[in-house]
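In case you want the letters, here they are:
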Amino acid sequence: MITVLRQITTSALNLVFPQSCVHCGKDGSLLCDLCIRDSTAVSKDVCRKCAEPLAKPGTCTRCVIDGSSLDRLYGSFLYETPVGTAVRAFKFDDVRALAGVLGGMFNVESMNRSEADLILPVPMHKSRLRSRGYNQSEILGRKLSRRMGLEFHSDVLIRAENTVPQSEQPTAAARKTAIQGAFSVDTRHESVVLGKRVLLVDDVFTTGSTVQAAASVLKAAGASWVGAAVLTVQPIESLK
Ligand SMILES: [Zn+2]
Ligand SMILES: [Zn+2]
């Protein structure tokens, strides 16, 4: 009920007060053209599993040594850009109207459409979903699935509650430990991923521990390939 009221209020507010850019404040749209142009796209010369900058496209030493369970990472923009501001506003300030703008911003051209069979969003735990009212990754994933013409399932991957959000974990190692055992595949829907190529969707990729944990659970459930499409990538150096 509160969620519905909030949605009505947000829509009414948008009618009374015209939209303004969440990054620069300019009137007209929620993310203005200038800010979109100022947002740096993820370079082609990065690790294909973690987006770490490399001299040429390939797999970085860390991903080779760690044996990443992710087969491919597709990042669209760097997080420290206006698109990152919009992701934060979408997620933490409840600017749900940004869904349309952000969902259309995945760099679909860089992705190989025939690589995946279906899209799964990185899930949120039920209690978190209740308090926020929506899972931003589910909204983005649904939009991306329509653009790519792929099946979409939001009930296959389940997330257990983690007491401290990943964004508040102090180090990369702490993130990795906290997320272990966080995901599982719903036994009623195991057949959906068995032998299938799955593309996970999330809003931010930082250390990769979240999508890595989800990918290894999907592989254990029989997925033959697991990639991830993330709207923004936050270079790991910024956490060290
Ligand atoms: Zn702007
Ligand atoms: Zn890598």
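Reading the values: rules and limits
Residues numbered from 1 in each chain as written. Chains lettered and ligands numbered in written order. Predicted model: local features only at pLDDT ≥ 70, side-chain atom pairs only at ≥ 80, totals over all residues. Heavy atoms only, no water. Helix = DSSP H or I, 4+ residues; strand = E, 2+ residues; numbered from the N terminus. Buried < 20%, exposed > 50% of the residue type's maximum accessible area, 1.4 Å probe, protein only. Contact = heavy atoms within 4.5 Å. Areas by Shrake-Rupley, 256 points an atom, 1.4 Å probe, with all protein chains shown as cover. Pairing = 2+ DSSP bridges. Axes fitted to C-alpha atoms, helices over the stretch in contact; angles between N-to-C directions. Salt bridge = Lys/Arg side-chain N within 4 Å of Asp/Glu carboxyl O. Donors = N, O, S within 2.8 Å, 3.2 Å for Na, K, Ca; no water. Tetrahedral: all angles 85-135°; square planar, octahedral: opposite > 155°, others 65-115°. Phe/Tyr/Trp six-rings, centres within 6.5 Å; stacked < 30°, edge-to-face > 60°.

Let us look at the overall build of the protein chain. Across its full length, the protein chain holds 10 helices and seven strands. Split into buried and exposed, the 240 residues of the protein chain put 48% on the buried side. At a minimum sequence separation of 6, the contacts of the protein chain that also span at least 24 residues come to 73%. With an accessible surface of roughly 11900 Å², the protein chain has 54% of that area assigned to carbon and sulfur atoms.

Glancing now at the sheet that holds strand 1 (residues 72–78). In spatial order, the strands read 1-7-6-2-3; together these five strands make up an open sheet with parallel pairing. The sheet is open, and its two borders are formed by strand 1 and strand 3 (151–152), each paired with just one other strand. Pairing of strand 6 (residues 197–205) with strand 7 (residues 225–233) involves eight bridges; the strand directions are parallel. Bridge pairing links Val-198 to Val-226 in strand 7. Each of strand 2 (118–121), strand 3, strand 6 and strand 7 is contacted by helix 7 (residues 136–148), which is oriented at about 130 degrees to strand 6, the strand it contacts most. Taken strand by strand, helix 10 (residues 209–220) contacts strand 2, strand 6 and strand 7, and its axis lies near 165 degrees from that of strand 6.

Further remarks concern the pattern of salt bridges. For side chains of opposite charge, pairing can occur when their charged atoms come near one another. As enumerated under the stated definition, the model contains seven salt bridges in all. With its nearest N and O atoms 2.9 Å apart, the salt bridge here joins Lys-219 to Asp-71. In this pair, Lys-219 sits in helix 10 while Asp-71 sits in the loop between helix 3 (61–66) and strand 1, placing the two residues 148 residues apart along the sequence. For Asp-71, a relative accessible area of 23% translates into the label partly exposed. Notably, a salt bridge pairs Lys-91 with Asp-203, separated by 3.1 Å at the nearest N-O pair. Here Asp-203 lies in strand 6 and Lys-91 lies in helix 4 (residues 82–92), a separation of 112 residues in the sequence. Owing to a relative accessible area of 16%, Lys-91 belongs among the buried residues under this scheme. With a relative accessible area of 3%, Asp-203 lands in the buried category.

Within the protein, Cys-47 (SG), Cys-50 (SG), Cys-60 (SG) and Cys-63 (SG) serve as the donor atoms for the zinc ion (ligand 2), at 2.3 to 2.4 Å. For the zinc ion (ligand 2), the donor residues sit on a single chain with the sequence spacing C-x2-C-x9-C-x2-C. One end of the pair, Cys-47, is in the loop between helix 2 (33–38) and helix 3; the other, Cys-63, is in helix 3, and 16 residues separate them in sequence.

It is worth spelling out the coordination of the zinc ion (ligand 1) at this point. Summarising the metal site, the zinc ion (ligand 1) is bound by the protein donors Cys-21 (SG), Cys-24 (SG), Cys-32 (SG) and Cys-35 (SG), whose distances to it range over 2.3 to 2.4 Å. Between the four donor atoms coordinating the zinc ion (ligand 1), the angles at the centre fall across 105 to 118 degrees, so the site counts as tetrahedral. Considered as a linear motif, the donors of the zinc ion (ligand 1) on their single chain read C-x2-C-x7-C-x2-C. Taken together, the residues span a long stretch of sequence, with Cys-21 in the loop between helix 1 (2–16) and helix 2 and Cys-35 in helix 2 at a distance of 14 residues.

What follows covers the packing of aromatic side chains. Evaluation of the coordinates by the stated rule reveals one aromatic pair. Look at Phe-90 and Tyr-134: their rings are 5.9 Å apart centre to centre, the planes differ by 35 degrees, and that puts the pair in the tilted class. Of the two residues, Phe-90 sits in helix 4 while Tyr-134 sits in the loop between helix 6 (126–132) and helix 7, which places them 44 residues apart along the sequence. Note on accessibility: Phe-90 and Tyr-134 belong to one class, buried.

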